[in-house]
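Commentary on secondary and tertiary structure
Listed below, chain by chain, are the residues.
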Amino acid sequence: LLAGFALGFYTVEVDRVGPGGMNVLFDSVHHPETTDFGYNFGPGYVKMLDGTDALLIRSCLNMTSCSTPASPDVITLVKRSTGPVDIDNLQSQFERNGLDKVILRPEGPDEQCGVQDPRITVDKKTGTYILAYTAYGDASDPPNICDHTTCGPSWQKCKNCCRTVSTKVAVSTTPEVASSWRRLNRTGDPGFDAKSTATLVRDTPPHYQFTGTGTVRSWESQDLVHWTAPEVTITGRGPGFFDPGYCEAGVPPVLLSDGNYLFTYDTIINAGQHGKAGWAAGWAVLNGSNPREVVQRGGEPLVIPTAPWELQTPPDWNWTQAEREGSVPMIGTINALMPIEGAGPGSDAFIAWGCASDAVIVAFKVVVTQW
């Protein structure tokens, strides 16, 4: 058991899935049969309208020049086979993350270094899938237009090409078909398109989005196109907490059985409380009637990096992108929650999908109980 804690109205229990807690999926080094890509990370999740579970994966072919014009990030979609979820054998239930699974590629200078960190939801009334993603490139006017010969081989050497990030949104009614995705021309108050956006589509407006790095703000919309009235929803809590400063929007809020929403956010954990600093995830429960209101916020991280694949431990795990970038230990971008059965009365169970060391996908079982 990784965590078990109670504050206010809910308890949250978290554990790794997989045999012996080996919760890694789409590992190109140890299991190249699972993927065509060097790095597979930053997953989003959607239950498709036909009931199929699907992951959207930030994927990069070349390990040495990921997130550059030479090897930009793309977004793929892989489906889980039908039947009960087998949490000890999740990898075997998903399609191979092959080149034929790419659904979104970079378009234009502002995306020339990659399309990243997909967060997806679906408007069931219209059958429209709404994909919020990070556009990484150069949105300057005029931009530095780069190709694979302009910079490299690493992203550190592409600062003139890869220097802006923002949220963009694409929509489709047939998400497996790459040609069906259409970039949406959104508008809003200043900051509505900041990096990292999780969209909450409700049966009736207003709809909400949770956006931002450093501080998470919520926005509202009547039509899912124009976003206004930002309010701070999640911010650092200061010294003495695991999340004293940086907070970044995580998963699109997921409905709990009592009508409230479970939300996650990425954070940099406090070195003084948890040892060596690193990327981790926090959680909050949002009010079902007013999702901008935090009902409860976890007093401990949802997950923290402790496993070898999260710590970039040699010799097996020092090939990751985080290691190449000289980064700290990390479980990053818990941007996906997949509901599963078997939680028991008064509880909700999920597979939480994240990434380890910006290289592989990791999965955790999360049980939320109201008390």
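Above: the structure in question.
Residues numbered from 1 in each chain as written. Predicted model: local features only at pLDDT ≥ 70, side-chain atom pairs only at ≥ 80, totals over all residues. Heavy atoms only, no water.

**Describing the overall build of the chain**
The number of helices and strands found in the chain is 4 helices and 25 strands. Scaling as 2.2 N^0.38, a compact globule of 371 residues should have a C-alpha radius of gyration of about 21 Å, and the chain matches this with 19 Å. The C-alpha extent of the chain, read off along each of the three principal axes, is 60 × 50 × 45 Å. A separation of at least 24 residues holds for 60% of the contacts in the chain among residues at least 6 apart in sequence. (Helix = DSSP H or I, 4+ residues; strand = E, 2+ residues; numbered from the N terminus. Rg over C-alpha atoms; globule rule 2.2 N^0.38 Å. Contact = heavy atoms within 4.5 Å.)

**With respect to empty space enclosed by the protein**
Within this structure, the stated rule accounts for 1 cavity of 30 Å³ or more. Lining the largest cavity we find Tyr10, Leu256, Ser257, Asp258, Gly346, Asp348, Val368, Thr369 and Gln370. The element best represented in the lining of the largest cavity is strand β25 (residues 360-370), accounting for 3 residues. Of the residues assigned to the lining of the largest cavity, the class counts are 3 nonpolar, 4 polar and 2 charged. (1 Å grid on protein atoms, 1.4 Å probe; cavity = no way out; pocket = protein on both sides within 12 Å on 5 of 7 lines; lining within 4 Å. Points joined across faces, edges and corners; volume = space filled by probe spheres on them. Nonpolar A, V, L, I, M, F, W, Y, C, P; charged D, E, K, R; others polar.)

**What to know about unusual backbone geometry**
Omega for the peptide link from aspartate 141 to proline 142 comes to 0 degrees, which places this bond in the cis form. Across the junction of proline 314 and proline 315, the peptide omega takes the value 0 degrees, indicating a cis bond. Here proline 315 shows up in the loop between α3 (308-311) and α4 (321-324). Of note in this structure, glutamine 312 is not a glycine but carries a positive phi near 55 degrees. Mapped onto the fold, glutamine 312 is located in the loop between α3 and α4. A relative accessible area of 5% means that glutamine 312 is categorised as buried. (Buried < 20%, exposed > 50% of the residue type's maximum accessible area, 1.4 Å probe, protein only.)

**Quick notes on the pattern of salt bridges**
The final tally for this structure, using the stated rule, is 18 salt bridges. As a salt-bridge pair, aspartate 243 and arginine 297 come within 2.9 Å of each other at their nearest N and O atoms. Of this pair, aspartate 243 sits in the loop between β17 (226-234) and β18 (247-249) while arginine 297 sits in strand β22 (residues 294-297), placing them 54 residues apart in sequence. Given the relative accessible area of 0%, aspartate 243 is considered buried. Connected via shared salt-bridge partners are Arg58, Asp73, Asp117, Lys195 and Glu248. (Salt bridge = Lys/Arg side-chain N within 4 Å of Asp/Glu carboxyl O.)

**Looking at the layout of surface pockets**
Estimates place the volume of the largest pocket at around 740 Å³. Lining the largest pocket are 26 residues, with Thr121, Val122, Lys124, Pro253 and Leu255 sitting closest to its centre. Of all the secondary-structure elements, those providing two or more residues to the lining of the largest pocket are β4 (39-47), β8 (114-123), β13 (197-200), β19 (254-255) and β23 (331-340). Of the residues contributing to the lining of the largest pocket, the split by class is 17 nonpolar, 3 polar and 6 charged. As for the second largest pocket, its lining consists of 19 residues, of which Arg58, Gln116, Lys195, Glu325 and Asp358 are closest to the centre. Listed by contribution, the elements that provide at least two residues to the lining of the second largest pocket are β8 and β23.

**Remarks on the packing of aromatic side chains**
For the structure on display, the rule yields 8 aromatic pairs. Taking 5.2 Å as the distance between ring centres and 85 degrees as the angle between the ring planes, the aromatic pair formed by tyrosine 246 and tryptophan 279 counts as edge-to-face. Remark: tryptophan 279 occurs in strand β21 (residues 279-286) and tyrosine 246 occurs in the loop between β17 and β18; sequence separation between them is 33 residues. For tyrosine 246, a relative accessible area of 25% corresponds to the partly exposed category. These aromatic residues form a ring-pair network of at least three members: Tyr39, Phe41, Trp309, Trp317 and Trp319. (Phe/Tyr/Trp six-rings, centres within 6.5 Å; stacked < 30°, edge-to-face > 60°.)

**Things to note about the side chain of asparagine 287**
Among the structural elements, asparagine 287 can be located in the loop between β21 and β22. You can call asparagine 287 buried: its relative accessible area is 18%. Each residue touching asparagine 287, except ones within four places of it in the same chain, is listed here: Asn260, Tyr261, Glu293 and Val295.

**Side note on the environment of lysine 195**
Relative to the assigned elements, lysine 195 resides in the loop between β12 (187-188) and β13. Once the C-alpha coordinates of lysine 195 and lysine 168 are considered, the two residues, 27 residues apart in sequence, prove to be 8.7 Å apart. Other than its neighbours up to four places away in sequence, lysine 195 contacts Asp117, Thr134, Val165, Ser166, Thr167, Thr211, Gly212, Thr213 and Glu248. A polar contact of 3.0 Å, which involves the side chain of lysine 195, links it to the side chain of glutamate 248. (Polar contact = N/O pair within 3.5 Å; in protein donor to acceptor, adjacent residues only side chain to side chain.)

**Here we look at the nonpolar core**
Soluble globular proteins tend to bury their nonpolar side chains together. Core analysis: the biggest nonpolar cluster contains 34 residues, and Leu262, Leu302, Val303, Ile334, Phe364 and Val368 have the highest contact counts within it. Every element with two or more residues in this core is listed here: β2 (10-16), β4, β21, β23, β24 (347-356) and β25. Of the residues forming this core, the biggest block, 5 residues, is contributed by β25. Among the nonpolar cores identified, the runner-up in size contains 18 residues, and Tyr45, Leu90, Ile340 and Ile361 belong to it. (Core = buried A, V, L, I, M, F, W, Y, C linked by side-chain atoms within 4.5 Å.)

**A word on the state of the cysteines**
Evaluation of the coordinates by the stated rule reveals 4 disulfides. For cysteine 113, the disulfide goes to cysteine 162, at an S-S distance of 1.9 Å. Since a negative S-S torsion denotes a left-handed disulfide, the cysteine 113-cysteine 162 link at about -80 degrees is left-handed. Of this pair, cysteine 113 sits in the loop between β7 (102-104) and β8 while cysteine 162 sits in the loop between β9 (128-137) and β10 (164-172), and the two are 49 residues apart along the sequence. Judged on exposure class, the residue cysteine 113 and its partner cysteine 162 are both buried. In the chain, numbering the disulfide-bonded cysteines from first to last in sequence yields the connectivity 1-2, 3-8, 4-7, 5-6. Cysteine cysteine 247 is unpaired, with the sulfur of cysteine 355 as its nearest cysteine sulfur at 17 Å. Cysteine 355 gets classed as buried once you look at its relative accessible area, which sits at 1%. (Disulfide = S-S within 2.5 Å.)

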